[in-house]
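Structure at a glance
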Amino acid sequence: MFNRLHDTLSDFFQQADLVLLGLCCGCTLFGMVLIASATHYMGTGSMIRSVGIQGAAMLIGLAAYILLSVVDVELLVKHWKIILAVSILLILLLRTPLGVSRHGNRAWLEIPHVPFSIQPSEVVKIAFIILLSKQFEWIKEQRRELKSFGSVVMPTVHLLFMVGLIYAVSSDMGSALVYVFIFICIALVAGIAWRWFILGGGGMAAAVLALYYLNKLPSHMADRFHVLFDHSFQPQGVGWQQTRGLLALGSGGWFGQGLFNGTQTQAGSGSLPARHTDFIFAMIGEELGFFGCLLVILLLTAIILRCLWVARQASSDYARLVCVGMAGMLIFQTVENIGMCLFVMPVIGLTLPFFSYGGSSVVTLYAAMGIVSGIKKRALMNWSR
């Protein structure tokens, strides 16, 4: 047992992507400092608890990174029926007594004696990327090209099923949109004909506009889009979060007000909202200024580019699509979260990858990057033969 563990770790340090791991750890440790500052106003006990939970999630994430660096994702996907069944079960568990609602979304599972809640839509994203990539590879093997209507039906049904299930069970449209962007990224690289993107995008835009003007969109969704085009709309209501976030960002200047010194960050609960989760980027802007925000963006960009670099080195089309899917997940969450704080994107409850507080998010991200590391490892092994 000990010898096997030793061999596994030795193999990991020799061939895994330690650059990617270093970037992930650097972001998480930096994020823990930011979380400490963001929760300082709540008292020392709350601050220590938040940082401790994030640290525990990081350790679990590291274990997941090591494990999934060793596991061959191309062998793992052969058990696709089990992966799909577990994914559906995790989401359906939200309708059991384990499911809890926050901010109108029943999107979290609270398991007794587990110190942090689990967000199934976060965990299932990895399964979705693995299965969707395999679908596109299978279709290309069968049809050799992805231009006909029949070639896009199966993956589109997969997407609609997952998005529909998540929204029906949890009402979490923000997480559902991540799946849509992942689909677009994988489909683009797989070679889906552009006309299907134009038709699909045009159809979705027309449907949303029609629902908006016919007053058929849920009021909270319509208001979140309305406030983007009219920042004076309900400044004490739906526009409150983004108004405060933009104010915090703008007050930081070039170098910020200093950690544990932000005017809004260190004020009471009626000030900057969700400062350690959804609006942590606004907190960074206030306390670390423009250069602090730039550093965060550069670190996340480095992780995304590393995923795309591994995609180029991948030993198969399937592995390449998986890496692109992981990069797409990071791109959407990063752009949406920052855009939310800049008041140019709607508030949909997405955290900033690696930096925001959230146990299930951190573990999922490390697991995803572990899969990318494993793909890089196997590409290196094939090259060296």
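Because the structure is a prediction, the values reported are computed rather than measured.

Considerations on the pattern of salt bridges
One pass over the structure, following the stated rule, counts four salt bridges. The salt bridge partner of D17 is R306, with a shortest N-O separation of 2.9 Å. Taken together, the residues D17 in the loop between α1 (2-15) and α2 (18-38) and R306 in helix α12 (residues 280-313) connect sequence positions 289 residues apart.

Focus: the packing of aromatic side chains
Applying the stated criterion across every chain yields a total of 10 aromatic pairs. Arranged with centres 5.7 Å apart and planes meeting at 80°, the rings of F30 and F355 form a pair that is edge-to-face. Taken as a pair, F30 in helix α2 and F355 in the loop between α13 (317-341) and α14 (359-384) lie far apart in primary sequence, 325 residues in all. Residues F255 and F291 carry aromatic rings whose centres are separated by 5.2 Å and whose planes lie at 25° to one another, so their mutual orientation is stacked. With F255 in the loop between α11 (240-251) and α12 and F291 in helix α12, the pair connects residues that are 36 residues apart, well separated along the chain.

Concerning the nonpolar core
Side chains of nonpolar character tend, in soluble globular proteins, to be buried together. Residues F136, M326, F354 and M369 are the most contacted members of the largest nonpolar core, which totals 103 residues. Considering each element in turn, this core owes the most residues, 14 residues, to α13. For F136, the contacting residues outside a window of four places in its chain are L146, P155, F183, I186, A187, A190, I192 and L321.

Observations regarding unusual backbone geometry
Residue S171 is not a glycine yet carries a positive backbone phi of 60°. Its place among the elements puts S171 in the loop between α7 (149-170) and α8 (173-190). Under the relative-accessibility criterion, S171 is labelled partly exposed at 33%. The backbone phi angle of F260 is positive, close to 65°, even though this residue is not glycine. Of the residues examined, F260 reaches a relative accessible area of 34% and is grouped as partly exposed.

A few points about the environment of L109
As for its placement among the helices and strands, L109 is situated in strand β2 (residues 105-109). The class of L109 is buried, set by a relative accessible area of 2%. Each C-alpha atom, one on L109 and one on P97, is 8.8 Å from the other, the two residues being 12 residues apart in sequence. Setting aside residues no more than four positions away along its own chain, L109 makes contact with L90, L93, L94, L98, G99, S117, I118 and P120.

What about the state of the cysteines?
Counted according to the given criterion, the structure contains zero disulfides. C25 takes part in no disulfide bond, and the closest cysteine sulfur, belonging to C24, lies 6.8 Å away. Taking the relative accessible area as the measure of exposure, C25 reaches 15% and is therefore buried. With no disulfide of its own, C293 lies 8.7 Å from the sulfur of C341, the closest cysteine sulfur. You can call C293 buried: its relative accessible area is 8%.

Some remarks on α7
Taking 1.5 Å as the rise per residue, α7 with 22 residues should run 32 Å; its terminal C-alpha atoms sit 31 Å apart, in good agreement. In the structure, α7 departs most strongly from a straight axis at P155, where the bend amounts to approximately 25°. The complete set of buried residues in α7 reads S151, V152, P155, H158, L159, M162, V163, L165, I166, V169 and S170. The positive-phi residue at the C-terminal boundary of α7 is S171, with phi of around 60°.

Structural notes on the packing of α7 against α8
At a closest axis distance of 8 Å, the pairing of α7 and α8 adopts a crossing angle of 170°. When the interaxial angle is binned, α7 and α8 end up roughly antiparallel. Between α7 and α8, the residues in contact are P155, T156, L159, M162, V163, I166 and Y167 and M173, A176, Y179, V180 and F183, respectively. When grouped by side-chain class, the residues that make up the contact of α7 with α8 number 11 nonpolar, one polar and no charged.

The rules behind the values
Residues numbered from 1 in each chain as written. Predicted model: local features only at pLDDT ≥ 70, side-chain atom pairs only at ≥ 80, totals over all residues. Heavy atoms only, no water. Salt bridge = Lys/Arg side-chain N within 4 Å of Asp/Glu carboxyl O. Helix = DSSP H or I, 4+ residues; strand = E, 2+ residues; numbered from the N terminus. Phe/Tyr/Trp six-rings, centres within 6.5 Å; stacked < 30°, edge-to-face > 60°. Core = buried A, V, L, I, M, F, W, Y, C linked by side-chain atoms within 4.5 Å. Buried < 20%, exposed > 50% of the residue type's maximum accessible area, 1.4 Å probe, protein only. Contact = heavy atoms within 4.5 Å. Disulfide = S-S within 2.5 Å. Expected span 1.5 Å × (residues − 1). Bend = angle between axes of the 7 residues up to and from the residue. Axes fitted to C-alpha atoms, helices over the stretch in contact; angles between N-to-C directions. Parallel < 35°, antiparallel > 145°, perpendicular 65-115°, else oblique. Nonpolar A, V, L, I, M, F, W, Y, C, P; charged D, E, K, R; others polar.

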